[in-house]
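The residues making up each chain are set out below.
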Amino acid sequence: MTDDSRPARPVLLGQNQYGKAENRVVKITRDGATHHIKDLNVSVALSGDMDEVHHSGSNANVLPTDTTKNTVYAFAKEHGIESAEQFGIHLARHFVTSQEPIRTARIRIEEYSWERIETSDADSTSIRADEVKHSFVRKGQETRVTQITYDGSSWEVVSGLKDLVVMNTTNSEFWGYVKDKYTTLPEAYDRILATQVSARWRFNWSDDEQKMPHWEKSYEQTRKHMLQAFAETYSLSLQQTLYQMGSRIIDNRSEIDEVRFSLPNKHHFLVDLEPFGLKNDNEVYFAADRPYGLIEATVLRDGCEAKIPVDLTNL
């Protein structure tokens, strides 16, 4: 049988969506002389009765992506931006309820934080820490993220952050691991533990009958518990630290049922200073950017189902 004589096979349209990606919107709220900034990157994806536009090119059910862009900016004025989550909820509800062909709206938002610059204090002569700390966070580097999905009846809100760089300069060990003929890594009983946190957490709020979480407070407190767990865990492995970070969130934030982490191990290796006649007493390190160990896991509330994608690059 030749190729031309083969029976025709039906071709079907699979999952599809469309929208305007990465709408950059900055909202300035002027409270007298005090101004507040909300800086968002908003991506809209709509799906529903869209077969015909793919089959024949008919745009009868298509809301232009330019319109979705305009809606983002108009809603920033009409509704303000109380939080990334609340803003995304306003948008998702609008697209699903105002356009009959649209069945599901997914709103992804990145939020970029701005810190207020404090004015100088003429009476201040020194800055003194009350106690020595060994845990640090790079200020202003992380990006807050959220994804809101609405199908007309139920909500799914997954929020989180990425690019949060943290470090413990002690209280970390790594030893007792499997060794074979290719193993050269020496055991470490006092090492630097550093990572660049990418985390997503799923809220158990799913319908309008439930009390909605306080999104800003939830983010602030979730971030706080995550950082405190990182700082307060005497770590024998990054996996152990990850689990403690997730457990602290689940234990303290009742509105969250699931946390997913992706933690690259930001390796710091002691530099050999002996050729220069110098002793390196855990003082000077080489920060290696690659290759790196990548530790990933989900921490769940007992009885809950995992729904956050394993690959966070798809969220």
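See the structure above.
Residues numbered from 1 in each chain as written. Predicted model: local features only at pLDDT ≥ 70, side-chain atom pairs only at ≥ 80, totals over all residues. Heavy atoms only, no water.

Enquirer: Go over the overall build of the chain, please, and point to the residues and values.
Expert: When its secondary structure is counted, the chain shows five helices and eleven strands. Taken over C-alpha atoms, the radius of gyration comes to 25 Å for the chain, far larger than the 20 Å a tight globule of 315 residues would show. On the principal axes, the C-alpha backbone points of the chain span a range of 75 × 75 × 40 Å. Within the chain, buried positions represent 37% of all 315 residues. When contacts within the chain are restricted to residue pairs at least 6 apart in sequence, long-range pairs at least 24 apart make up 69% of them. With the model as given, the accessible surface of the chain reaches about 19400 Å², and the carbon-plus-sulfur share is 49%. With 37 positive and 48 negative side-chain charges, the chain shows a spacing of 1 Å between the two charge centroids. (Helix = DSSP H or I, 4+ residues; strand = E, 2+ residues; numbered from the N terminus. Rg over C-alpha atoms; globule rule 2.2 N^0.38 Å. Buried < 20%, exposed > 50% of the residue type's maximum accessible area, 1.4 Å probe, protein only. Contact = heavy atoms within 4.5 Å. Areas by Shrake-Rupley, 256 points an atom, 1.4 Å probe, with all protein chains shown as cover. Lys, Arg positive; Asp, Glu negative; His and termini not counted. Charge placed at Lys NZ, Arg CZ, Asp CG, Glu CD.)

Enquirer: Account for a nonpolar patch on the surface, naming residues and giving values.
Expert: There is a patch of nonpolar side chains on the surface, built from Trp175, Tyr189, Tyr234 and Leu236 and spanning about 430 Å² of accessible area. Relative to the assigned elements, Leu236 resides in the loop between α4 (215–232) and α5 (238–252). Judged by its relative accessible area of 40%, Leu236 falls in the partly exposed class. (Patch = residues over 30% accessible without salt bridge, like charges linked within 9 Å, V, L, I, M, F, W, Y side chains within 5 Å. Salt bridge = Lys/Arg side-chain N within 4 Å of Asp/Glu carboxyl O.)

Enquirer: Which residues make up the pairing of strand β1 (residues 23–31), and what values do they have?
Expert: Alignment of β1 against strand β2 (residues 34–48), held across nine bridges, turns out to be antiparallel. Among the inter-strand pairings, Lys27 is bridged to a residue of β2, identified as Lys38. Connecting β1 to the next strand, β2, in antiparallel fashion are two residues, including Gly32 with a positive phi near 65°. (Pairing = 2+ DSSP bridges.)

Enquirer: Before we move on, could you go through the side chain of Thr222 and cite the residues and values that matter?
Expert: As for its placement among the helices and strands, Thr222 is situated in helix α4. Ignoring sequence-local partners within four residues, the contact set of Thr222 consists of Trp201, Ile249, Arg253 and Ile256.

Enquirer: Would you mind going over the packing of helix α2 (residues 65–78) against helix α3 (residues 84–98) in detail, with residue names and values included?
Expert: Following both chains from N to C, one finds α2 and α3 inclined at 130°, their axes separated by 11 Å at the closest point. One finds that α2 runs oblique with respect to α3. In this structure, α2 meets α3 at a crossing whose hand is right-handed. The segment α2 lies against α3, with Thr68, Thr71, Val72, Phe75 and Ala76 engaging Phe87, His90, Leu91, His94 and Phe95. (Axes fitted to C-alpha atoms, helices over the stretch in contact; angles between N-to-C directions. Parallel < 35°, antiparallel > 145°, perpendicular 65-115°, else oblique. Left-handed = near helix turned anticlockwise from the far one by under 90°.)

Purely geometric stuff here, so don't read any function into it on its own.
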